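Secondary and tertiary structure notes
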Amino acid sequence: MARTESVQVMDGDEIRRAITRIAHEIIERNHGAGGLVFVGIQKKGVPLARRIRDAVQAIEGVELPLGTLDISLYRDDYGSRTAQLVPTDIPCSLTGKTVVLVDDVLFTGRSVRSALEALIDFGRPAAIQLAVLVDRGHRELPVRADYVGKNLPTSRKEEVLVMLGDDPCADRVVIRKPGGGEGDR
Amino acid sequence: MSALNRNILALREMSPEEIQLILDQAQEMKEILSRPIKKVPTLRGKSVVTLFFENSTRTRMSFEMAAKTLSADVTGFSASTSSLAKGESLKDTILTLNAMKADAFVIRHSASGAAHFIARHTSARVINAGDGTHEHPTQGLLDMLTIRQHKGTLRGLTVAIVGDIAHSRVARSNVWGLTKMGARVRLVGPRTLLPADVERLPVEVYTDLRRGLSGCDVVNILRIQMERQDAGLFPSVREYAQTFGVDRSVLREARPDVLVMHPGPMNRGIEITPDVADGEFSVVTEQVTNGVAVRMALLYLLLGGSNDAAGH
């Protein structure tokens with residue numbers, strides 16, 4: 001078994017190209033950008049949502065709203081500690097809008113379920129679409145993404161880290177294996 | 001485990017970090033109250049029992065609204081219609097309610113220390129909603145949240161608390177909370193209404209209203225309790241209003257961006273004039289909204305998370 005602690009699976013250029021492709025797919029699927037609202041799941045979905053929104057704006061030459069959503073109050077899989085709340089800011093009514101929900105990694109699907117429940121408390125969107133940078137499999141709920149940056153087969157024990165910073169060149173996605181790498185259970 | 005592994009009995013017992021956490025979480029909770037659907041499923045299946053052995057409308061309703069917004073089930077208990085009227089002791093009442101598997105008790109009682117007493121006899125979480133003349137921690141927290149929203153911070157501010165300090169649990173919770181968070185507190189009132197142990201509190205004492213308000217950032221005006229007059233603690237309501245009632249003229253002593261607060265219920269025309277109560281400096285209605293947010297934050301921090309949070 002590999003003893004490597006972390007392996008880089010995407011670099012800054014690959015992430016940038018994936019975001020550009022997702023932006024084009026969103027525009028193509030929705031026949032333009034009219035009525036789109038981007039909502040990032042706190043915390044890692046927020047910078048990604050901003051990048052995708054900015055890319056769509058640049059292509060279409062329009063201004064589009066960007067919101068943030070904290071799903072802590074809707075979770076069914078609390079960790080060992082209660083999560084501390086961070087801002088939820090939905091800048092407009094979602095009724096009749098097409099919401100592009102954005103998260104960094106799609107894994108069990110439980111965060112997305114929580115986010116769907118939360119979003120509907122802000123109105124009745126015409127549609128909700130899901131964009132993720134990485135789909136790592138292991139779904140526990142019937143959830144799928146509409147836009148995927150990269151499909152990444154993983155073991156359940158591994159951790160996928162998406163690092164988006166102020167400098168896009170330093171962006172990367174890494175897989176961190178548990179110490180010693182004993183494989184999947 | 002929940003984020004705050006403790007009961008909320010007195011701000012004197014809490015650390016600045018814990019207070020900071022509660023205020024931060026309350027700030028986020030406030031957003032929920034402005035949503036089209038003011039309900040989140042977080043505390044589904046948790047039960048909160050409100051035990052009010054003393055009359056209250058706003059505190060009790062505020063706790064109930066907070067619990068219901070978080071989807072907890074709330075059962076009310078009022079002393080006048082309960083078995084207490086048949087002579088059941090407080091301890092037996094608690095043991096009975098405890099056996100019904102409540103997750104949290106919210107208690108108001110006329111005896112100082114009642115919430116601590118209950119906490120010793122239950123495995124559920126206990127929140128003090130006012131005990132005698134001791135503390136009213138949730139009022140202290142909502143006052144601090146209101147100040148922080150307007151001033152950005154509590155550190156370095158001067159807060160004057162005016163009126164019947166001796167009998168005020170609100171004053172005590174404010175003194176402990178504010179000083180822990182780095183504010184300076186002045187107690188302003190007639191000597192007869194200052195607590196006997198005032199020199200042991202971390203405060204400055206003023207018996208002259210004008211001097212007490214001079215240069216302060218916040219004025220928190222307490223309700224004068226009419227029944228105190230019978231005890232001879234001040235000569236007449238009219239004289240109290242003239243010497244310690246806060247009106248526009250005396251408010252000019254304070255900073256030009258002063259905040260005027262009152263925990264309610266107000267005696268308009270006695271401790272506060274109506275034009276000050278409704279004026280541009282008043283944040284009284286914001287205090288009420290913040291009260292719901294603070295209580296939501298506490299219930300979330302105490303009961304949220306995995307199911308062993310309540311200890312059974």
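This one's a predicted model, so the numbers in the text were calculated from it and none came from an experiment. Within any chain, residue numbers begin from 1 and follow the written order of that chain's sequence. Labels follow written order: the first chain is A, the first ligand is 1, and so on. The model is predicted, so local features are restricted to residues of pLDDT at least 70 and side-chain atom pairs to those at 80 or more, both for listing and for counting; the totals for chains, interfaces and linings are taken over all residues. Only heavy atoms go into the side-chain values, all of them from the structure, while hydrogens and water stay out.

**Here's the deal with the overall build of chain B**
This is how it is decided: Strands here are runs of E lasting at least two residues and helices are runs of H or I lasting at least four, both read from the DSSP assignment and numbered beginning at the N terminus. Computation of the radius of gyration draws on C-alpha atoms alone. For the globule rule, the value is 2.2 Å times the number of residues to the power 0.38. Each residue is assigned to one of three classes by its accessible area relative to the maximum for its type, calculated with a 1.4 Å probe on protein chains only: buried under 20%, partly exposed between the two thresholds, exposed over 50%. Contacts are assigned to residue pairs with any non-hydrogen atoms lying within 4.5 Å of each other. Here the open area of atoms and residues is found with the Shrake-Rupley method and a 1.4 Å probe, where only the protein chains shown may cover a residue. Residues scored as charged are limited to Lys and Arg (positive) and Asp and Glu (negative), so that His and the chain ends carry no count. Where a charge lies is defined by one atom per residue type: Lys uses NZ, Arg uses CZ, Asp uses CG and Glu uses CD.
If you tally the helices and strands in chain B, you get 12 helices and nine strands. Over its C-alpha trace chain B gives a radius of gyration of 19 Å, about what one expects of a compact globule, namely 20 Å for 312 residues. C-alpha extents for chain B along the principal axes are approximately 55 × 45 × 35 Å. Per-residue burial for chain B yields a buried fraction of 58% across its 312 residues. Counting only contacts in chain B whose residues sit at least 6 apart along the sequence, the fraction spanning at least 24 positions is 75%. Carbon and sulfur atoms make up 49% of the accessible area of chain B, which amounts to about 12,400 Å² in all. Positive and negative charge centroids in chain B, built from 37 and 33 side chains respectively, lie 2 Å apart.

**Remarks on the pattern of salt bridges**
All names here are of chain A. Short version of the rule: A side-chain nitrogen of Lys or Arg and a carboxyl oxygen of Asp or Glu constitute a salt bridge if their distance falls within 4 Å.
For the structure shown, the criterion picks out 25 salt bridges over all chains. Arg-139 is the salt-bridge partner of Asp-135, the closest N and O atoms lying 2.8 Å from each other. When its relative accessible area of 27% is taken as the criterion, Arg-139 is described as partly exposed. A salt bridge links Lys-177 to Glu-158, with the shortest nitrogen-to-oxygen separation between them at 2.8 Å. Note that Lys-177 is positioned in the segment after β8 (172-176) and Glu-158 in the loop between β6 (147-151) and β7 (159-163), a separation of 19 residues in sequence. For Glu-158, a relative accessible area of 12% translates into the label buried.

**Observations concerning the sheet that holds β6(A)**
All names here are of chain A. Rules: One requirement defines pairing of two strands: DSSP has to find at least two bridges between them. Axes here mean lines fitted to C-alpha atoms, for a helix over just the part in contact, with angles spanning 0 to 180 degrees between N-to-C directions.
One open sheet holds the five strands; their spatial order is β3-β2-β4-β5-β6, and the pairing between them is parallel. Lying at the two open borders of the sheet, with one neighbouring strand each, are β3 (66-69) and β6. Neighbour to neighbour, the strand axes of the sheet diverge by 25 degrees on average, direction disregarded. Contacting β2 (36-41), β4 (98-106), β5 (127-135) and β6, helix α1 (residues 12-29) crosses the sheet at an angle of about 150 degrees to β6. Its contacts with the sheet put helix α3 (residues 110-120) on β2, β3, β4 and β5, and the angle it makes with β4 is roughly 155 degrees.

**Let's talk about the packing of helix α5 (residues 137-151) of chain B against helix α12 (residues 284-303) of chain B**
All names here are of chain B. Filter applied, for reference: Left-handed describes a crossing in which the near helix is turned anticlockwise from the far one by less than a right angle; the clockwise case is right-handed.
Interhelical geometry of α5 versus α12 gives an angle of 115 degrees and a closest axis separation of 8 Å. Judged by the twist between their axes, the crossing of α5 over α12 is right-handed. Contact residues: Thr-138, Gln-139, Leu-141, Leu-142, Asp-143, Leu-145, Thr-146, Gln-149 and His-150 in α5; Glu-286, Gln-287, Asn-290, Gly-291, Val-294, Arg-295 and Leu-298 in α12.

**Here's the deal with the side chain of B:Asp103**
Residues and elements named next belong to chain B. Under the convention used in this document: Any N or O atom pair separated by 3.5 Å or less is treated as a polar contact, with the protein-specific requirement of one donor-capable and one acceptor-capable atom, and with residues adjacent in sequence counted only for side-chain atom pairs.
Looking at the element boundaries, Asp-103 is found in the loop between α3 (90-99) and β3 (104-109). Buried within the structure, Asp-103 lacks any salt-bridge partner; its nearest side chain of opposite charge belongs to Lys-46, at an N-O separation of 5.0 Å. At 2.8 Å, the side chain of Asp-103 forms a polar contact with the backbone nitrogen of Ser-47.

**Concerning the packing of aromatic side chains**
Selection criterion: Two rings belonging to Phe, Tyr or Trp (six-membered ring only in the last case) form a pair when the distance between their centres is within 6.5 Å. Interplanar angles under 30 degrees mark stacking, angles over 60 mark edge-to-face geometry, and anything in between is tilted. Put simply, a charge is over a ring when the Lys NZ or the Arg CZ is close to the ring centre, within 6 Å, and near the line of the ring normal, within 35 degrees.
A complete count under the given rule lists two aromatic pairs over all chains for this structure. Each member of the aromatic cluster is reached from another via a ring pair, and the members are B:Phe234, B:Tyr240 and B:Phe244. When the ring centre of A:Phe107 is taken as reference, the NZ or CZ atom of A:Arg136 above it lies at 3.8 Å. Directly above the aromatic system of B:Phe63 lies the positively charged group of B:Arg295, at a separation of 5.0 Å from the ring centroid.

**Let's talk about the pairing of β3(A)**
All names here are of chain A. Short version of the rule: With its strands directed away from the observer, a crossover is right-handed exactly when the path from the first strand over the helix to the second travels clockwise.
Of the two faces of β3, both are covered, the one formed by Leu-66 and Thr-68 as well as the one formed by Gly-67 and Leu-69. In this structure, β2 lies alongside β3, joined through four bridges in parallel fashion. What sits directly across from Gly-40, in β3, is Thr-68. The handedness of the β2 to β3 crossover, carried by helix α2 (residues 45-60), is right-handed.

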